[in-house]
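Observations on chain architecture
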Amino acid sequence: MTTKVGWLRRQLPGVIAVVVAVVGYVVVSLPSVSAAEQNRVASRYGFQAMTIALPEADKNQTIRPVNQEYEKIQAWISSVGAAIAINDLDGDGLSNDLCLVDTRTDQVVVTPTPGARDDRYEPFEVDLAPLPSNDAIAPMGCAPGDFNEDGRMDLLAYYWGRTPVIFLGDPEATELGEDAYTATELVPEPKVVDGEYADDQWNTNAVAVDDFDGDGHQDIFIANYFPDSPVLDPTVDGGVEMNDGLSNAKNSGKKMIFRFEEADSDSVSFTRAPDSIFPDGALWGWTLAAAANDLDGDLLPELYIANDHGVDHLLYNKSEPGRIEFGGAKQTRTPGVPKSKQLGNDSFKGMGIDYGDLNHDGIYDLFVSNITTPWGIQESNLHFLSTVDNQKELRAKLAAGEAPWEDRSADLGTAWSGWAWDVKLADYDNNGELEITQTTGFVQGQTNRWPNLQELATANDSLIDQEVFWPNVEKGDDLAGDQTLHLFAKSNEDGGRYVDVAPHLGLAVPVPTRGLATADADGDGLLDFAVARQFAAPVFYRNTSDTDGDFLGLRLTHPDGAPVVGAQVEVTTPDGRDLIARVDGGSGHSGKRSTDVHVGLGEVDGEVDVTIRWRDRTGEVHEQSLDLSTGWHDFQLGGQAEER
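Criteria and thresholds
Residues numbered from 1 in each chain as written. Predicted model: local features only at pLDDT ≥ 70, side-chain atom pairs only at ≥ 80, totals over all residues. Heavy atoms only, no water. Helix = DSSP H or I, 4+ residues; strand = E, 2+ residues; numbered from the N terminus. Rg over C-alpha atoms; globule rule 2.2 N^0.38 Å. Buried < 20%, exposed > 50% of the residue type's maximum accessible area, 1.4 Å probe, protein only. Contact = heavy atoms within 4.5 Å. Areas by Shrake-Rupley, 256 points an atom, 1.4 Å probe, with all protein chains shown as cover. Lys, Arg positive; Asp, Glu negative; His and termini not counted. Charge placed at Lys NZ, Arg CZ, Asp CG, Glu CD. Pairing = 2+ DSSP bridges. Salt bridge = Lys/Arg side-chain N within 4 Å of Asp/Glu carboxyl O. UniProt positions renumbered as here; feature names shortened; annotations may be inferred. Axes fitted to C-alpha atoms, helices over the stretch in contact; angles between N-to-C directions. Disulfide = S-S within 2.5 Å. Arc of directions from axis to C-beta. pLDDT = per-residue confidence, 0-100.

- The name given to the protein in an unreviewed UniProt entry is CRTAC1 family protein, and the organism recorded there is Actinophytocola gossypii.

This is the structure:
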């Protein structure tokens, strides 16, 4: 008997290993949607790929020059920057203009969406001149917004190597072109040496635009990735650093919010809020995405910060007009919630974030992109669904520091997609269900570097901040270079499990993608989308879906003509379904949807009940209920909503 017990004890580690393997297999091998159901779901959609017109450029690079200390990881350093936004920049009433960053040319470009009326103006570069620049500066993104509140959309461009710039649109311009914008510093009077920019070397990778203090004017959240340093200066050897950990790095660039101060027709000024507005820990983390949205119904936007290296943060808004303040909120840990998936404290590589009501309970849910490559780095996307009954309960929990959402990505089929980046929740077939569009892929080349990266992922955190321990990722090396765009749509099988229909629709092109922007560019009621590709041509997808679904479209502006960023919309259909949406000022990784509100309704008969909640220019909150027909509507929101 003693011999048998001893034998069992010796075999126990092996038995445990087998049990763990079996349980792991069961967990990750959840049922998949049948082929017939995949085809049925895919048949609801159709998209036409269209070429985006670009201006001429004097270079066509496939990798960026970098600091000499980063030479062996040059492709890694060059892996971000492709960005795209869609909005109405020329005031023709349609969100049919693109502002994009082309990493091949390091240009910020404005160009019309392809298709109808794409001859309104020629594509052009939005140049920093006459503001100072230098050869170690590269653009990372573009966020449209009417920052000086004159009725013409401006552009916020952000960079590696300098502070951001606002390009103010000329309200008198009759056609878009280089002369239609005036470059204005967000941070005034930078230091200039020998005619070149020589001031703070911010390395910005994420912005979010919203009215954070509730004073009726939009503010700007800026998140820097690398600490201030000459990342893209090949004439320098050193003065840079890597993250001091893979999941809890604190040596990043800073987070900051610029609060609106004043504006007129040709100027705008912002004041940087003190660092103390952020709770402990939230000031740091290597940020790749951010999203602002009012989650608890007080018209003060919460802020989600998605960090590549460092825990993500959900910040609860406790601000008052003229004073910004946030508190932290985390999901309550239970035995079934691993720390890696704890909302507000996860250890995954946050790359993208968006909001939408995915379970139809009237509360916004969250979808977070992470690195999810099988046999590579297999984390998980985070498909957070709310667990409260109403906004009042949510408000109480957030105020207490609790984040009442739970991840359902595994059982809903959205956990794994690839090296994921931007994500947008949108209803492309107007059936009342939000689809999940996601970009993936890292660097494309010929030499597989996954084995080397896996060694890094298991390395001691004390070594991570030393570049010598990172695997070589140079020109020609490949990491997830053949990954494709994903479009997850809800099926009727396994409790509404999602299926990736991108391969069925010609969307699964093996090119690394980054920014993602959605809008109804041609006004037909179907959302189109545009995709920025890393060191490859951007692409526009015109929605050709054959659907019987109806929609409600709202263009909501202040009396001065600027979008009412942060306005909330609730829609009740005749059959009793409730749907929510908002005016998004600019959230995500490097893609920005339009500031129009689009709500897919499914098939409806008659008008829908619509409630709009907003803050006017004084910060006063208003609410108005309306009976509206389906289709597009334009409303001016002052003391009340007036249709134009």
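1. Section: the overall build of the protein
- In terms of regular secondary structure, the protein is built from 7 helices and 41 strands.
- The C-alpha atoms of the protein give a radius of gyration of 24 Å, which matches the 26 Å a tight globule of 644 residues would have.
- Seen along its three principal axes, the alpha-carbon backbone of the protein occupies a region of about 90 × 65 × 45 Å.
- Considering the protein as a whole, with its 644 residues, one finds that 62% of them fall into the buried category.
- Look at the contacts in the protein between residues 6 or more apart in sequence, and 64% of them connect residues 24 or more apart.
- Total accessible area computed for the protein in this model is approximately 24,000 Å², and 48% of it derives from carbon and sulfur atoms.
- Taking the 47 positively charged and 108 negatively charged side chains of the protein as two groups, their mean positions are separated by 9 Å.

2. With respect to the pairing of strand β15 (residues 267–272)
- Relative to β15, strand β14 (residues 255–264) runs antiparallel, the two sharing 6 bridges. Bridging across to β15, phenylalanine 258 finds its partner in arginine 272.

3. A closer look at the pattern of salt bridges
- Throughout the structure, instances matching the rule amount to 34 salt bridges.
- Lysine 424 is paired through a salt bridge with aspartate 422; the nearest N and O atoms lie 3.2 Å apart. By the burial criterion, lysine 424 is buried, and aspartate 422 matches it.
- The shortest N-O distance in the salt bridge between lysine 490 and glutamate 433 comes to 3.2 Å. Taken together, the positions of lysine 490 in strand β28 (residues 486–490) and glutamate 433 in the loop between β24 (420–426) and β25 (435–440) put the pair 57 residues apart, joining distant regions of the chain.
- Connected through salt bridges with shared partners, the residues Asp90, Asp92, Asp97, Arg117 and Arg120 form a single ionic network.

4. What to know about the environment of tyrosine 541
- Relative to the assigned elements, tyrosine 541 resides in strand β32 (residues 536–543).
- The exposure class assigned to tyrosine 541 is buried, which follows from its relative accessible area of 4%.
- A sequence separation of 379 residues divides tyrosine 541 from arginine 162, and the C-alpha atoms of the two residues are 33 Å apart.
- Leaving out residues up to four positions away in the same chain, tyrosine 541 has contacts with Phe47, Gln48, Ala49, Leu485, Leu507, Val509, Asp528, Phe529, Val531 and Arg533.

5. A short note on the UniProt feature "domain: ASPIC/UnbV" (unreviewed entry) in the protein
- Mapped onto this structure's residue numbering, the UniProt feature "domain: ASPIC/UnbV" (unreviewed entry) falls at residues 565–622.
- Helix and strand shares over residues 565–622 are 0% and 48% respectively, and the end C-alpha atoms of the span are 14 Å apart.

6. Describing the sheet that holds β32
- If you walk across this open sheet you meet the 4 strands as β1-β32-β31-β30, and the pairing is antiparallel. Among the strands making up the open sheet, the edge pair consists of β1 (47–51) and β30 (513–519). With direction set aside, neighbouring strand axes in the sheet form an average angle of 25°.
- Alignment of β30 against strand β31 (residues 528–533), held across 5 bridges, turns out to be antiparallel. Bridge pairing in β31 places alanine 519 opposite aspartate 528.

7. Some details on the state of the cysteines
- Taken as a whole and assessed by the stated rule, the structure comprises 1 disulfide.
- With its sulfur 2.0 Å from that of its partner, cysteine 99 forms a disulfide with cysteine 142. In this structure the cystine formed by cysteine 99 and cysteine 142 twists about its S-S bond by roughly 100°; its chirality is therefore right-handed. Taken together, the positions of cysteine 99 in strand β3 (residues 97–102) and cysteine 142 in strand β6 (residues 138–145) put the pair 43 residues apart, joining distant regions of the chain. Both residues of the pair, cysteine 99 and cysteine 142, belong to the buried class.

8. Some thoughts on the side chain of serine 347
- In this fold, serine 347 is placed in the loop between β19 (326–329) and β20 (352–356).
- Apart from the residues within four sequence positions on either side, serine 347 is in contact with Ser247, Lys339, Ser340 and Glu379.

9. Some details on helix α2 (residues 35–42)
- Along α2, the residues that are buried comprise Glu37, Val41 and Ala42. Buried residues of α2 fall within an arc of 135° about the axis and therefore sit on the same side. Exposed positions of α2 whose direction lies more than 90 degrees from the buried face are Ala35 and Ala36.

10. Overview of the confidence of the model for the protein
- For the protein, per-residue confidence averages 94 on the pLDDT scale, and residues scoring 70 or more make up 95% of the total.
- For residues 15–29, every residue scores under 50 in pLDDT, and the model assigns this stretch 1 contact once sequence neighbours within four places are set aside.

11. Remarks on the side chain of glutamine 107
- Here glutamine 107 lies in strand β4 (residues 107–112).
- Residue classification places glutamine 107 among the buried residues on the basis of a relative accessible area of 7%.
- Filtering out sequence-adjacent residues up to four positions away, glutamine 107 remains in contact with Pro55, Glu56, Ala57, Leu100, Val101, Asp102, Glu125 and Pro139.

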